[in-house]
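# Notes for the structure review
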Amino acid sequence: MRRPLRRLRPGRTFVVALVPLVLLAAPAASAADGSPVRLPVMPSRLDADDACTGTSAERATSVPWEQQSLQLPRAWQFSAGAGVTVAIVDTGVSTTAPALKGRVTAVGEAGQDCVGHGSFVAGLIAATTTDGVRFAGVAQQARVVAVRGTDARGTATAASVAAGIRAAVDAGAKVIEVSPALERGSAALTSAVEDAVAHDALVVAAAVPDPPAKRSAASASGDVPVPRAYWPAAQEGVLSVVDVDAKGGRPDNALVPRDADLAAPGDGVVGPGPRGSGHYIGSGASFAAGFVAGAAALVRSVHPGLNAAQTASRLVSTAYPDVVPRLDPYAAVTSVGVVERGVGVAPGRGAVPVRLPDDAGAAPTRRAVLFAAGGGVVLLLVVWGAVVVPRGRARGWRAGRVG
């Protein structure tokens, strides 16, 4: 699933230079009174001698920036994900996590989450509110299926991810979030994704790997990463998601995908851990994929007649206009007049623009919406007619081949 004009190509990066998000120390979130709260960082994997991720002693009780910028309360007036099962292909999801308790079905040993990453992503997708905490997942009434896409320490291979996707399909998931982003695919991984598509399951995958929790000197050296493909996000039939921060950009030296369908919050986002009621903070495209998977559950709940490809089309066509469209759950749920054909749809056709709250992250999106509503519409229509329509008709809603 790829929109040709939305691609990240060498020499055409879609972000502006921002101050890097350095994760050498626990970043700050906010309490209800606005005072800063230092949250521990959620790792994506653990070294052999690392202890399992424990209980965070800190809680972020105010509404996180990502929840505000996505305008989730507006979308919840129409859908909360009821009747939709979302699978998380990750490190597992703790069945005892308070915010998810009673709604997680684990396949095999996936109910144990030593790393904690899968539980964090599951929280972004489907966590319910708890006393004194205003954090909530995108689709609070969705069911969660936990499947392992990694080993117990968080290391993923093409074989482990393929097995996780197949387990998710067998469990009846209609939305499958895949956190690992691999440098190489495999025939087995390709087959697993094709099986998911055949069973009308929407696969949502991180476009790039998550950054390490502790960045090395090399990663901060200033070298600009070369855009490249990661798997399974680069595969046909997969909705590929890249992460952005509150300003709509990405950290300096962040890995860059060759293709991406959607952008969503993923840098410095708050989520639950595998144990207790405390919170962690994390950064990476896997968390952005979690938000998109949650939004897909909202859409599939309120529009049950849509198939997986049409759901993806609606998410992209109703997104905020940008080089990579930015997720808008409210518009995806409520827009009328959108033509879902499982193929490329003109940006914003039938969309209902939603104004972001007056915070630091809102300005870039407001500018993009104003541009699209003004003189930029003419340019978009010209480019659309000359480039996108012919390509879309020729290839449909499919990713370009890599290599």
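Figured I'd write up the structure that's included with this text.

So, how was this worked out
- Residues numbered from 1 in each chain as written.
- Predicted model: local features only at pLDDT ≥ 70, side-chain atom pairs only at ≥ 80, totals over all residues.
- Heavy atoms only, no water.
- Salt bridge = Lys/Arg side-chain N within 4 Å of Asp/Glu carboxyl O.
- Helix = DSSP H or I, 4+ residues; strand = E, 2+ residues; numbered from the N terminus.
- Buried < 20%, exposed > 50% of the residue type's maximum accessible area, 1.4 Å probe, protein only.
- Axes fitted to C-alpha atoms, helices over the stretch in contact; angles between N-to-C directions.
- Parallel < 35°, antiparallel > 145°, perpendicular 65-115°, else oblique.
- Left-handed = near helix turned anticlockwise from the far one by under 90°.
- Contact = heavy atoms within 4.5 Å.
- Nonpolar A, V, L, I, M, F, W, Y, C, P; charged D, E, K, R; others polar.
- Disulfide = S-S within 2.5 Å.

### Regarding the pattern of salt bridges
When their charged atoms lie close together, side chains carrying opposite charge are able to pair. Counting across every chain of the model gives three salt bridges. For the salt bridge of Arg166 with Asp195, the shortest nitrogen-to-oxygen distance reads 3.6 Å. Placement of Arg166 in helix α4 (residues 158-170) and of Asp195 in helix α5 (residues 187-198) is noted, with a sequence separation of 29 residues between them. Among the salt bridges present, the one from Asp243 reaches Arg250, with a minimum N-O distance of 3.0 Å. Residue classification places Arg250 among the buried residues on the basis of a relative accessible area of 4%.

### Describing unusual backbone geometry
The linkage connecting Trp231 with the following residue, Pro232, adopts the cis geometry, with an omega of 10°. Of note, Gln71 is a non-glycine position whose phi angle comes to about 55°, a positive value. Gln71 gets classed as buried once you look at its relative accessible area, which sits at 16%. A positive phi is found at Asp200, a non-glycine position, where the angle reads about 60°. Along the chain, Asp200 falls in the loop between α5 and β7 (202-206). By relative accessible area, which is 26% here, Asp200 ends up partly exposed.

### Topic: the packing of α4 against α5
Packing of α4 against α5 brings their axes to within 8 Å, and their N-to-C directions diverge by 15°. When the interaxial angle is binned, α4 and α5 end up roughly parallel. In this structure, the crossing between α4 and α5 has a hand that is left-handed. Mapping the contact onto sequence places Ala158, Val161, Ala162, Ile165, Arg166 and Val169 in α4 and Ala188, Leu189, Ser191, Ala192, Val193, Asp195 and Ala196 in α5. Broken down by class, the residue content of the contact of α4 with α5 amounts to 10 nonpolar, one polar and two charged.

### Considering the state of the cysteines
Disulfides are covalent bonds that link the sulfur atoms of two cysteine residues. For the structure on display, the rule yields one disulfide. The disulfide that involves Cys52 links it to Cys114, with 2.0 Å between the sulfurs. Of note, the bridge from Cys52 to Cys114 carries an S-S torsion of about -100° and is left-handed in sense. Of this pair, Cys52 sits in the loop between β2 (36-38) and α1 (65-69) while Cys114 sits in the loop between β4 (104-106) and α3 (117-126), placing them 62 residues apart in sequence.

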